[in-house]
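Report on the structure
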Amino acid sequence: MTTTNDGTCPHLTTAEGAPIGRQHAMTAGPKGPLLMQDVQLLEQMQHFNRERIPERVVHAKGSGAYGTFTVTHDITKYTKASIFSEVGKQTELFLRFSTVAGERGAADAERDVRGFAVKFYTDEGNWDMVGNNTPVFFVRDPYKFANFIHTQKRDPKTNVREMDMQWDFWSQCPESLHQVTILFSDRGLPASYRHVNGYGSHTYSLINAAGERVWCKFHFKTNQGIENWMDEKAAGVIAGDRESHQRDLFTAIHEGRFPSWTLKIQVMTQAEAEAWSARTGWNPFDLTKVWPHADFPLIEVGQMELNRNPENYHAEVEQAAFKPSALVPGISSSPDKMLQARLMSYADTHLHRVGVNHHQIPVNKPQCPVMHYMRDGQAATAETYGGAPNYWPNTRAGAPMPDEKFVDPAWDLGQAVVDRYDSTQDHDDFTQAGNLYRMFDDAHRDRLATRIAGVLGQARQEVQMLQLCHFFRADEDYGRRVAAKLGVDLDAAMGGAAAANAVR
Ligand code: NDP
């Protein structure tokens, strides 16, 4: 095989740029052994050994693309965020979709929540909207997060995913019922990433130029329409192609069929939050709850389009580092306990996974000037600060300094008392799950119950009975259907309809 360059190709080099004459191992005689001085070979082997970075503990399997956000409606009365400053304004972005539970090699077409993380390169810093394709989540107390994720992964002993683990956990945590109902509904197994909605899920705050704060939820509605698969169809797809979502997204963009989403927001003032909370008993900062559209209508904001594939998966998708703490002036956090925990946790995981200077990697790098006094660490390029002073305060001319105009309005927490509050007490975990169930037609309810019974049936009997009570609490018909699919004789198991009513 020809390995010589006839002058038409660039010459091969070492990582240090030195030209390579021949790429064969250097040996003492044609049969070996190798020589220690073959630094070309050593360099290649050493780099290969370090090719992988730790995979994400959650959302390990993903696909990404670049795109553009365009403002179509004025929301400056709610926010001073520069991304929304005028109709027609465009901002570059990178979006990563993912599944939640599967490892990097898992199949795409699994019944699972989908991650929907967008990095907007705004001219006042990166804004990361790290959401999912569902408006709610399984838990509301961050103490439960790691435990929940463990139930989605492999059993420590059998090393396989055990259905008993997740149902054991869900039956002990009825706040999960709303998300569980979405997961096993007809929207639990997306046909592609292009056909999912994205939701910020958490409540955030928007702050306007006058320093007024409103609470906000973000919704990205797919312009492709929602499309999902039935389990049988997905099983067939997986048998032939484990990368169906990756392939679909890449191909659509490659062929110029750019997928797009309409960004909408819901907005709630503090006074509305208090009145709504008093009326419904629901906490507007509870991640297991939606804000009903009838109470808080969707307000259209803009269009998001994906129009460019990454050139290199590892550099741009695997190393993409999204964190809800990447907020910009005009968009801020809320008391949501899960959001508060994620503000720390996501940034922390990137420090571990990609390193302390992950924001200097092109896909993560802000497209506006960056100036701070954080320095050094592994793989620092020092590109933005060079030889500038590394301490503050200083008296050097032109040194970056804070600017009062970016100060957020203060939060009045009243007479807040610090405690470890029990997030399972005095919560209505059932009405919204029931509302969703009651939206489904008869055939959809039947499919939902069939799917649930298919996996709940693999859990221990006592777990099944506990979980059945939750379905009854959401809607009696929901409980009866799942019980029937499980083959549970309600009369025998609970003493008839009276018992079924008693658990409501
Ligand atoms: P609405 O009738 O105003 O909205 C219902 C929403 O449910 C729509 O956004 C619809 O999305 C979405 N939807 C339809 N089927 C499913 C499904 N299988 N899984 C998840 N979402 C679905 O009612 P409400 O606002 O009062 O909400 C009622 C219930 O709808 C909630 O309890 C919640 O479970 C669910 N929901 C509510 C959302 C909200 O922000 N209010 C957002 C998403 C779901 P689309 O219009 O795209 O078809």
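If you're wondering where the values come from, they're calculated on a predicted model, not measured in any experiment. Residue positions are given per chain, counted from 1 along the sequence in the order it is written. Totals for whole chains, interfaces and linings use every residue, but because this is a predicted model, local features are given only for residues with pLDDT of at least 70 and side-chain atom pairs only at 80 or more, for both listing and counting. Side-chain metrics in this entry use all non-hydrogen atoms of the structure; hydrogen atoms and water are not considered.

1. Examining the site of the ligand
Neighbouring residues of the ligand: 18 residues in total, closest H178, S185, R187, W291 and H293. Two N or O atoms count as a polar contact when they lie within 3.5 Å, although within protein this holds only if one can serve as hydrogen donor and the other as acceptor, and sequence-adjacent residues are included solely when both atoms are side-chain atoms. Between an oxygen atom of the ligand and a side-chain N or O atom of H178, the distance comes to 2.5 Å. The separation between an oxygen atom of the ligand and a polar side-chain atom of K221 is 3.1 Å. With residues, only the protein chains shown are counted as cover, and all accessible areas are computed by Shrake-Rupley using a 1.4 Å probe. In the complex, 75% of the free accessible area of the ligand, which totals 790 Å², lies under the protein chains. Elements with a contribution of two residues or more to the shell around the ligand: α4 (177-183), β7 (213-222) and α10 (431-439). For the shell around the ligand, the residue count by class is nine nonpolar, seven polar and two charged. Taken together, domain 1 (62-133 + 190-364) and domain 2 (140-148 + 163-188 + 436-504) each give at least three residues to the shell around the ligand, which thus spans both. Each residue is tested against the molecule or strand, and it is near if at least one of its non-hydrogen atoms lies within 4 Å. By the criteria applied, helices consist of DSSP H or I runs no shorter than four residues and strands consist of E runs no shorter than two, each listed in order from the N terminus. Here the term charged refers only to Asp, Glu, Lys and Arg, the term nonpolar to Ala, Val, Leu, Ile, Met, Phe, Trp, Tyr, Cys and Pro, and the term polar to all other amino acids, Gly among them. Segment limits for the domains were obtained from an automatic or database-derived domain assignment.

2. Some remarks on the pairing of strand β1 (residues 62-71)
Each regular strand shows side chains that alternate between the opposite faces of the sheet. Counting buried residues along β1, ten of its ten residues qualify, which places the element largely inside the surrounding structure. Think of it in three bands: with a 1.4 Å probe and only protein chains considered, a residue is buried below 20% of the maximum accessible area for its type, exposed above 50%, and partly exposed in between. A two-sided burial pattern is seen for β1, the buried positions comprising G62, G64, Y66, T68 and T70 on one face and S63, A65, G67, F69 and V71 on the other. As paired elements, β1 and strand β9 (residues 299-308) share six bridges and run antiparallel to each other. Each bridged residue has a counterpart across the sheet, and for F69 the counterpart in β9 is M304. A pair of strands counts as paired when DSSP detects no fewer than two bridges linking them.

3. Topic: the environment of K485
Residue position: K485 is located in helix α13 (residues 476-486). Residue K485 is classed as partly exposed on the basis of its relative accessible area, which comes to 36%.

4. Brief notes about the domain arrangement of the protein
The domains assigned to the protein are domain 1 (62-133 + 190-364) and domain 2 (140-148 + 163-188 + 436-504). Relative placement of domain 1 and domain 2: their C-alpha centres are 29 Å apart. Contacts are assigned to residue pairs that have any heavy atoms within 4.5 Å of one another. If you look at the interface, domain 1 gives 18 residues, while domain 2 gives 15 residues. Both faces combined, the contact of domain 1 with domain 2 buries some 1,400 Å², and carbon together with sulfur accounts for 58% of it. When two parts are put together, the accessible area they lose, computed with a 1.4 Å probe and summed over both, is reported as buried area. By the criterion of area lost to domain 2, the three top residues of domain 1 are R111, T288 and M338, representing 39% of everything that side buries. Here, a salt bridge means any Lys or Arg side-chain nitrogen found within 4 Å of an Asp or Glu carboxyl oxygen. On the surface where domain 1 and domain 2 come into contact, there are two salt bridges. The closest approach of N and O atoms between R140 and D286, which form a salt bridge, is 2.9 Å.

5. A closer look at the packing of aromatic side chains
Planes of paired rings set the category: under 30 degrees apart is stacked, over 60 is edge-to-face and the rest tilted, where pairs are Phe, Tyr or Trp rings (Trp by its six-membered ring) whose centres lie within 6.5 Å. A full pass over the atoms with the stated rule returns 31 aromatic pairs. Seen in terms of ring centroids, F137 and F148 are 5.7 Å apart; in terms of plane orientation they differ by 85°. Their pairing is edge-to-face. Separated by eleven residues along the polypeptide, F137 in the loop between β4 (125-132) and α2 (145-152) and F148 in helix α2 bring together distant segments of the chain. There is no split in this pair, since F137 and F148 are both buried. Whether a charge sits over a ring comes down to the Lys NZ or Arg CZ being within 6 Å of the ring centre and within 35 degrees of the ring normal. Over the aromatic face of F322 sits the side chain of K119, whose NZ or CZ is 5.2 Å from the ring centroid.

6. Re empty space enclosed by the protein
Here a cavity means grid points, on a 1 Å grid over the protein atoms only, where a 1.4 Å probe fits yet cannot get out; a pocket means an open set of points with protein on both sides within 12 Å along at least five of seven lines; lining residues are those with an atom within 4 Å of a point. Grid points are joined across faces, edges and corners, and a volume is the space filled by probe spheres set on the points. Counted by the stated rule, this structure contains one cavity of 30 Å³ or more. Considering only enclosed or pocket space, the largest cavity measures out at about 40 Å³ in volume. Taken together, M371, H372, Y373, R375, A388, P389, N394, A399 and P400 make up the lining of the largest cavity. Residues belonging to the lining of the largest cavity are distributed by class as follows: six nonpolar, two polar and one charged.

7. So, the packing of helix α11 (residues 442-456) against α13
Axis definition: a line fitted to C-alpha atoms, over the contacting stretch in the case of helices. Angles run 0 to 180 degrees between N-to-C directions. Where α11 meets α13, the axes come as close as 8 Å, and the angle between the chain directions of the two elements is 50°. Relative to α13, the element α11 is oriented oblique. Judged by the sense of rotation from one axis to the other, the crossing of α11 with α13 is right-handed. Mapping the contact onto sequence places D442, R445, D446, L448, A449, T450, I452, A453 and L456 in α11 and D477, Y478, R481, V482, K485 and L486 in α13. In terms of residue class, the contact of α11 with α13 is made up of eight nonpolar, one polar and six charged. Each angle is binned into one of four classes, with values under 35 degrees roughly parallel, values over 145 roughly antiparallel, values of 65 to 115 roughly perpendicular, and all other values oblique. Crossings are classed by handedness, with left-handed meaning an anticlockwise turn of the near helix from the far one by less than a right angle and right-handed meaning a clockwise turn.

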